[in-house]
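The primary structure of each chain is shown beneath.
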Amino acid sequence: MAKQVRRRKLNLKKFFRFLIILLCLVFLIIFTSKIPIKNIVIKGNSYVTDEEIMEKCSLEDYPSFIRTTKSKIKKCTESIPLIKSVKVSKKLNSKLVIDVTEYKVLFKIRSTDEYVLDGNVRLSDLSVYAPILINYVQEDVLNKLISRFELLDKDIINKISEIEYSPNNYDKERFVLYMNDQNTVYITLTKAKNLNNYNKIKEQLGTNKGILYLDSGNYFEIKE
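Not measured: the values here are computed from a predicted model.

Asker: What exactly am I supposed to notice about the pairing of strand S2 (residues 83-91) here?
Answerer: Within a regular strand, the side chains alternate between the two sheet faces. Bridge count for S2 against strand S3 (residues 95-102) is eight bridges, and the pairing is antiparallel. If you follow Ser89 over to S3, its bridge partner there is Val97. Connecting S2 to the antiparallel partner S3 that follows it, the hairpin turn spans three residues, and Asn93 within it adopts a positive phi of roughly 70°.

Asker: Looking at this structure, I do not really get the state of the cysteines. What am I missing?
Answerer: What makes a disulfide is a covalent bond joining the sulfur atoms belonging to two cysteines. For the coordinates displayed, the defined rule picks out one disulfide. Paired by a disulfide, Cys57 and Cys76 hold their sulfur atoms 2.0 Å apart. Disulfide Cys57 to Cys76: torsion about the S-S bond roughly 110°, handedness right-handed. Here Cys57 is found in the loop between helix H2 (50-56) and helix H3 (70-78), whereas its partner Cys76 is found in helix H3, with 19 residues between them in sequence. Accessibility classification places Cys57 together with Cys76 in one group, the buried group.

Asker: Please clarify how the nonpolar core should be interpreted in this entry.
Answerer: Across soluble globular proteins, nonpolar side chains have a tendency to be buried as a group. With 30 residues, the main nonpolar core has Phe107, Leu133, Phe149, Phe175, Leu177, Val185 and Leu195 as its most contacted residues. Of all the secondary structure elements, the ones that give two or more residues to this core are strand S4 (105-109), helix H4 (139-149), helix H5 (154-157), strand S8 (160-165), strand S9 (174-179), strand S10 (184-188) and helix H6 (198-205). Of all the elements, H4 adds the most residues to this core, at five residues. In this structure Phe149 touches Lys104, Leu106, Phe107, Ile157, Ile160, Ile163 and Leu177, once residues within four positions along its chain are discounted. Grouped together as the second largest cluster of nonpolar side chains are 28 residues, Cys76, Leu82, Val88 and Ala130 included.

Rules of the game
Every residue gets a number counted from 1 within its own chain, in the order that chain's sequence is written. Under the rules for a predicted model, residues below a pLDDT of 70 receive no local features and side-chain atom pairs below 80 are neither given nor counted, while totals for whole chains, interfaces and linings still include all residues. Computation of side-chain values covers all heavy atoms of the structure but excludes hydrogens and water. At least two DSSP bridges between two strands are needed for those strands to be called paired. For helices the rule is a DSSP run of H or I covering at least 4 residues; for strands it is a run of E covering at least 2, with both sets numbered from the N terminus onward. Cysteine sulfur pairs qualify as disulfides if the two atoms are within 2.5 Å. Residue exposure (1.4 Å probe, protein chains only): buried if accessible area is under 20% of the type maximum, exposed if over 50%, otherwise partly exposed. Residue types Ala, Val, Leu, Ile, Met, Phe, Trp, Tyr and Cys, when buried and joined through side-chain atoms within 4.5 Å, form a set referred to as a nonpolar core. Any two residues whose heavy atoms approach within 4.5 Å at even a single point are treated as in contact.

Pasting the structure below:
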C-alpha cells in the first residue's frame, strides 16, 4: 500500500508573531546603532591634546557608540608617536573613556634635532618643550644620561633650559644644567636623581640666584 503524506498546516498566527518579533529586533538594532557617543573622557595626556586624539580617531562629530569599537580607538590613538599605550573603555550612558600613557620627553639633541624619550625612543618634528643638549656626548655616557633623566619628575625636566656635558679630571659623567629660573646646577650622573629635590632646595634659597653643586658637596654659591 502506498503511504499517505500528511501535509502540515501553516500556523499563520505563530508565523506573524515570529515576523513581528524579528522586525522589532531589526528596528531595535537600527535604532541603537544610531545612538551617538554622548561623552568622551580623555585622561593621562599632557603633551598630546584632546583635540589631536579626537581628530586622529575621527571622534569630533561623536559617531555611533556601538559602531565605534574599542580596538579601533586603541589602534588609532597608539599611532600617535608620543603615546606609549592606551586603555579604552565604554561606560553606561554612551560614555567613552580613553586613558593614555605618554612617553616622557627627556631632552632634545641639538646636533641631530632629535627628541629623546624614555626607553631611548627618538623622534623628530615634535612641537613640545624639552631641554636642549647643546654639545656632543659619547654614546655610553649619553645612554646613562637618558636612564638617569628617566628617573626625574616631568616638572623638574621642564625647569631645565639647556644641558651641557662638562666632564673634569675627577668625573667623566659631569653635566651642567642651565635652569629657566637663571640658576645653574652641576650634577654627576650617579647623583642625578637628587635633582628631584630642586623645588625644596629653591624654597630654602628664596630669591637668591646662583650655582647649585649637586655633583659634590651639595652646596649653593650665590651670584654676586
